Amino acid sequence: MTGTQTIAKPPAPTGGRPGLGGRIPLARLRDLALVPAILLLVVVGAIIDPVFLSSANITNVLQQQTELALLVLAEAIILIAGKFDLSLESTIGLAPALALALVIPAASNGLGTELPAGLAIPICLLVGVAIGAFNGLLILRFKLSAFIVTLGMLIVLRGLQIGITGGQNLFDIPPSVLYLGNAVWFGVPASIWISGTLFVVGIAALGFFRHGRAVYAIGGNTDAARAAGIRTDRVVWIILMVGGLLAALAGLLMTGRLGSVAAAQGDGMIFTVFAAAVIGGISLDGGKGTLFGALCGVIVLGLINNILTLAGVSAQWIQAIYGAIILIALILARLTSGKAQD
Amino acid sequence: MTGQTQTAGTVAGAVAPAAEARDISKRYGATVALHSAGITIAPGETHALVGRNGAGKSTLVSILTGLQRPDSGQVRFDGTPAPALADRDAWRQRVACVYQKSTIIPTLTVAENLFLNRQAGRGLIDWRGLRRRAADLLEGYAVAVDPAAPAGSLTVEQRQLVEIARALSFGATFIILDEPTAQLDAAAIERLFGRMRELQAAGVTFLFISHHLQEVYEVCQTVTVLRDARHILTQPVDTLSREALVAAMTGDAGETLAGIDRPAVPESAPVVLDVAGLGLAGFYQDIDLRVRAGELVGLIGSGSSGKVALAETIAGLRRADTGTVSLAGNTPKPGSVPAALAAGLGYLPQDRHREGLVPLLSVAENATLPITDRLGPAGIIAPTRQRAVAQRMIEAYDIKTDGPHQPVNGLSGGNAQKVVLARALANDPKALVMVSPTAGVDVRSKDSLLRAVAEAAAQGTGVLIVSDELDDLRSCDRVLVMFHGRVVREVSRGWADAELVTAVEGVEQP
C-alpha cells in the first residue's frame, strides 16, 4: 500500500545450491516425527503404572504388536506402490487355518487329509503367496480396482475359513506350528526377532536397492516408471505376493502366541493396519512414506493400547476409546505434516 | 550444410539423417492417425513439427520414441534401423522426448529421478555418490537445481531442464520437445531457446513441436507440416513465409490472426467490472482496473507478474488482502466463487483439464453445468432441454464433436476449450474473465474462439483476457501490462509487438 516494493518475489528460478541439500535432513525429520510421540507415550505409561516399564510388559507389548507389524509392513509396501490390499486381514486367518485343516484329523475339525504335520508351515506360507498372486491377477490382468478386488477377497477368504473349519476354532495345533509364536531366542520372543529382522530387510530393500526404489517410482508416477524401463506390473505382482506371504507369516505367529486359530482371527485388523501406516507417514496415494515411519506407527498404536489397558479402562469401552485415539492421531499427523492426507 | 539438402527424400551423398521415419501408417480402429507420412531430421538441426490438433503429431512422436509400433513403414536413426520396441535402453540411447505431461516422479528427489532404475546395479545404492553424480550431471548442463530437492517442488522450467539433462545422460543426441513452451512465460522461453542453441552448437538435434509459429521462426531451421495424418511439406524455415506455413497447416490460404474489427466502446457504457485498490501480499499490489460493457481488455505479464492471481481473485478463487472487486455495481462476497458467478461473472480457468472440465461427462453436461437450474423445474434436469441447449452451443461455437453425448475427454484441445468458453458464456455473464484462453489450441480454433469472445463483447459483455499470447490480445481495446505485481503500462489498440514485449519483460520501465 505504500510505495515500497512489498511485491511478489518471482518464484526462484533455481533450486537451492547443490551439495549440502537442505531438504534431505527435512525428509529424514519427517521420518523421525513419531519418535517424540513414542517417548511421550513411554513417559505417560510410566506415570500411569510403574509396571509399564518392566521388561516383561515391554516384551509383552512388542510381542502383541508383531502380527500387526507384519501386516503393516506388507500394507506399507503395497501402499507405497500405489495399490491397496484389504484382504490381508483375512489371509492372516485363512492361511494357518487351511494349513492346519489339511494336517489335523477330522475329529479336530480338520479336513481329514491328515498330511504330515511338517507341511503345515510351508502350506500356510504358500497359501499367502497364492492369495497375493490371485489378487495380482485380478488387479493387473483384468484391470480391476484394487480396492474392490481386495474388499471382495476379504469377504471370500473369511468365508472360506469358516467353511473349511465349520466355523470352529482350531485347537489341535502341531508343535511345529506353535514354535514360532512361542519360542524365545536370546531372552526375547522369536516373533519379535522375526518382525524386527523383516523390517530391517524391508527398510534396506526399499531404501538402498534399485528394485526397492522401483516401488516408489511406480507409486509416484507409473507411466514415468514404465518409461524408465521398470517392469511395473511384475514389480506390483511380486509385492502383492510378498504381502500375502507376510500376512500368512503373521498368521503363524498369532496362532503360536494364542495356541489356536480362531474363526475370526484377524477380523477387524485392517483399520488398525491402515491407521498405523498413515500415522507413520505412508500416503494412500502412493509413492510416499518409509517403512521406518510405518514401524513407528505400529509402536505408537501398541503403546496406546497398552496404556489404556494399564489405566484400567473398562473392556466395554476400550474399543471406542482406542478408535477415537487413532482418529485423533490421524488428525495430528495431518496437521503436523501440513499437507492434505490422501 | 544448408537447409536445401535436408528436405525429405534426400538420400545419396548426404550425411545420414539423425532420425528418419519413412512411409509411416498407423490406424487406431477406424481413425487413420498417420497415412504414409514421414519426417527426415538432419543431424545438428532444430527441426519444427507443426500441424493442427489431430494432424498426427503425437502419433508420429510416439512412433519416433518407440512407444508405438507403426502399422507399416520404418524408423531409422543415424542410418541404422531402429531397435526392437521392447529394448527400451537402446531406444533411450538414440532418442529422448520431453513430453508436455511430466515423466518426473514428484515424490522422489531430483537425483533419483535422473538415475531412475539405474541408481545402482545389483548392489546397494550409494546415495551420497548418486547425489554427487546428479550434481555433476546438472552442473555439466548448467542446470541450477538442487539434486536433493524433491522433484515435485521444481518449476515447470526446471522440470524440463532436468528431463533434458536426463535424456542427454543416456547418450541420446536426438531430443524431441513436445510443446515445451506451452506452460512457460516469455523470459523462461527465451532461456530455453538459448539453451537449445547452445546444445545445438554442441551437436544435439532437436525436434521441436509448438503451436507458436513465431517460435518456429525463432529457433528452428527446418519445418515439417502434417495435416490430416499426411506429410504436407518439409522446408527450410527461412524460405517459408508465415502465410505459406499457416496455409500448409490449414489447407487453404489462412490469414494470420489479425485483430478483429470492432466498433469503439462508447464512454457512456456502464462499468461491469471494477477493481479498486486490490492487493494480495506476495502477488500484486494497488491494482485499479475498469472494464466497461462491450469492452475487451487485455492483461499481459510474465509468469511472476501476478496476473493469474489477479484473475483468480476476481473469480473468487483467492481472497485479496485489500481493495474491492465490483461486478456490475454489486460487490460479491470476496473469496467466494458462487457469489462472483451470481453477480454475473463468467470465468475461464487457466488449466482447462484441472479446473475447467469434468472429463468423463458429456459435452452437454459440461456445457450446461452452471445453468442446470434453467433446464427444468425443482432441480430436475430435462435431458431433451439439456441436449437442445448443448446442440445450440455446439453450433454457435463450432465445436467439432460427435454430438452432445460425447464425453469431453474425446475432444481435441481446441474443441474442449470451446466447451469451457460456451459454459462460461452460458449464463450471459456481464463480465467475462479468461486466463490463457488459447493455450494449446491450434490456429484455426484460436481464431474461432477469439471471434466467439468478440461476439460476446458485441452483445454487451465486458471481457478481461489474461494472456501471454499477443494474438489473443490483438482485438482488445486496450492492453494492461503487469510487472512484478503492478500495472505498469496501458496501451491501446494498434500497439506494436515490440512495445508490448519490452514492457512485459520490464526492459524499459516508465
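Residues numbered from 1 in each chain as written. Chains lettered and ligands numbered in written order. Predicted model: local features only at pLDDT ≥ 70, side-chain atom pairs only at ≥ 80, totals over all residues.

As recorded in an unreviewed UniProt entry, chain B goes by Multidrug ABC transporter ATP-binding protein and comes from Plantactinospora mayteni.

Chain A carries the name Autoinducer 2 import system permease protein LsrC in an unreviewed UniProt entry, which gives Plantactinospora mayteni as its organism. Here chain A is described in UniProt, under the heading Subunit (unreviewed entry), as follows: "The complex is composed of two ATP-binding proteins (LsrA), two transmembrane proteins (LsrC and LsrD) and a solute-binding protein (LsrB)." Looking at chain A in UniProt, the text filed under Subcellular location (unreviewed entry) is "Cell membrane". (UniProt positions renumbered as here; feature names shortened; annotations may be inferred.)

Enquirer: Which parts of the structure should I look at to understand the pairing of strand E6 (residues 95-98) of chain B?
Expert: Along a regular strand, successive side chains alternate from one face of the sheet to the other. Residues and elements named next belong to chain B. Neither face of E6 is left uncovered, since the one carrying Val95 and Cys97 and the one carrying Ala96 and Val98 both have all their residues buried. Two strands pair when backbone bridges link them, and E6 and strand E7 (residues 174-178) are joined in this way by four bridges, in the parallel orientation. Considered in E7, the bridge of Val95 is made with Phe174. (Buried ≥ 20, exposed ≤ 12 C-beta atoms within 10 Å, placed from the backbone. Helix = DSSP H or I, 4+ residues; strand = E, 2+ residues; numbered from the N terminus. Pairing = 2+ DSSP bridges.)

Enquirer: Explanation requested: the sheet that holds strand E17 (residues 462-466) of chain B in the structure shown.
Expert: In any sheet, the strands associate via hydrogen bonds between backbone groups, in a parallel or an antiparallel arrangement. All names here are of chain B. The strand order across the open sheet built from six strands is E15-E16-E17-E13-E18-E19, with neighbouring strands paired in mixed fashion. The open sheet is flanked by strand E15 (345-348) and strand E19 (486-492), the only strands paired with a single partner. When the angles between neighbouring strand axes are averaged without regard to direction, this sheet yields 20°. Sheet analysis places strand E16 (residues 431-435) next to E17, joined by five bridges and oriented parallel. Residue Met434 lies in a different strand from E17, and its bridge partner there is Ile465. (Axes fitted to C-alpha atoms, helices over the stretch in contact; angles between N-to-C directions.)

Enquirer: So what exactly am I meant to see when it comes to the packing of helix H4 (residues 88-103) of chain A against helix H11 (residues 232-258) of chain A here?
Expert: Two numbers describe a pair of packed helices, the interaxial angle and the distance between the axes. Residues and elements named next belong to chain A. Where H4 meets H11, the closest approach of the two axes is 7 Å, and the angle between their N-to-C directions is 60°. Classified by the interaxial angle, the pair formed by H4 and H11 is oblique. Both H4 and H11 take part in a crossing whose hand is right-handed. In this structure, H4 uses Leu88, Thr91, Ile92, Gly93, Ala95 and Pro96 to contact H11, whose residues at the interface are Gly243, Gly244, Ala247, Ala248, Ala250, Gly251, Leu252, Met254 and Thr255. Each residue belonging to the contact of H4 with H11 can be placed in one class, and the counts come to nine nonpolar, six polar and no charged. (Parallel < 35°, antiparallel > 145°, perpendicular 65-115°, else oblique. Left-handed = near helix turned anticlockwise from the far one by under 90°. Contact = placed C-beta atoms within 7 Å. Nonpolar A, V, L, I, M, F, W, Y, C, P; charged D, E, K, R; others polar.)

Enquirer: Would you explain the nonpolar core in this entry?
Expert: Nonpolar side chains in soluble globular proteins tend to be buried together. Membership of the largest hydrophobic core comes to 169 residues, with the highest contact counts inside it found for Leu71(A), Val72(A), Leu73(A), Leu100(A), Ala217(A) and Ile175(B). Taken together, domain 1 (3-104 + 172-250) and domain 2 (106-153) of chain B each give at least three residues to this core, which thus spans both. Among all residues touching Leu73(A), those that are not within four sequence positions of it are Leu198(A), Phe199(A), Gly202(A), Leu246(A), Leu291(A) and Ala294(A). Counting residues in each nonpolar core, the second largest holds 73 residues, with Leu280(B), Leu411(B), Ala431(B) and Val433(B) among its members. (Core = buried A, V, L, I, M, F, W, Y, C linked by C-beta atoms within 7 Å. Domains from an automatic or database assignment.)

Enquirer: Looking at this model, I keep getting lost on helix H14 (residues 413-424) of chain B. Mind explaining?
Expert: Each turn of an α-helix holds 3.6 residues, which means side chains three or four residues apart point in the same direction. All names here are of chain B. End to end, H14 covers 17 Å across 12 residues, agreeing with the expected 16 Å (1.5 Å per residue, within 8%). Summarising burial for H14: 11 of the 12 residues are buried, a large majority. Looking at H14, one finds that the buried residues are Gly414, Asn415, Ala416, Gln417, Lys418, Val419, Val420, Leu421, Ala422, Arg423 and Ala424. (Expected span 1.5 Å × (residues − 1).)

Enquirer: Whenever I open this one, the domain arrangement of chain B confuses me. Can you help?
Expert: In terms of domains, chain B is made up of domain 1 (3-104 + 172-250), domain 2 (106-153) and domain 3 (271-505). Just the C-alpha atoms count here: the centres of domain 1 of chain B and domain 2 of chain B sit 29 Å apart.

Enquirer: Whenever I open this one, the confidence of the model for chain B confuses me. Can you help?
Expert: Note: predicted coordinates in regions of low pLDDT should not be interpreted at a detailed level. Residues and elements named next belong to chain B. Averaged over all residues, the pLDDT of chain B equals 81, while 90% of them reach at least 70. Confidence drops under a pLDDT of 50 for residues 1-13, and excluding neighbours within four residues, the segment shows 15 contacts in the predicted structure. Confidence metrics for the complex model read pTM 0.70 and ipTM 0.75. (pLDDT = per-residue confidence, 0-100.)

Enquirer: Explain the environment of Ala202(B) here, please?
Expert: Here Ala202(B) shows up in the loop between helix H6 (186-201) and strand E8 (205-209). Sequence spacing of Ala202(B) and Glu190(B) is 12 residues, and the spatial spacing of their C-alpha atoms is 19 Å.

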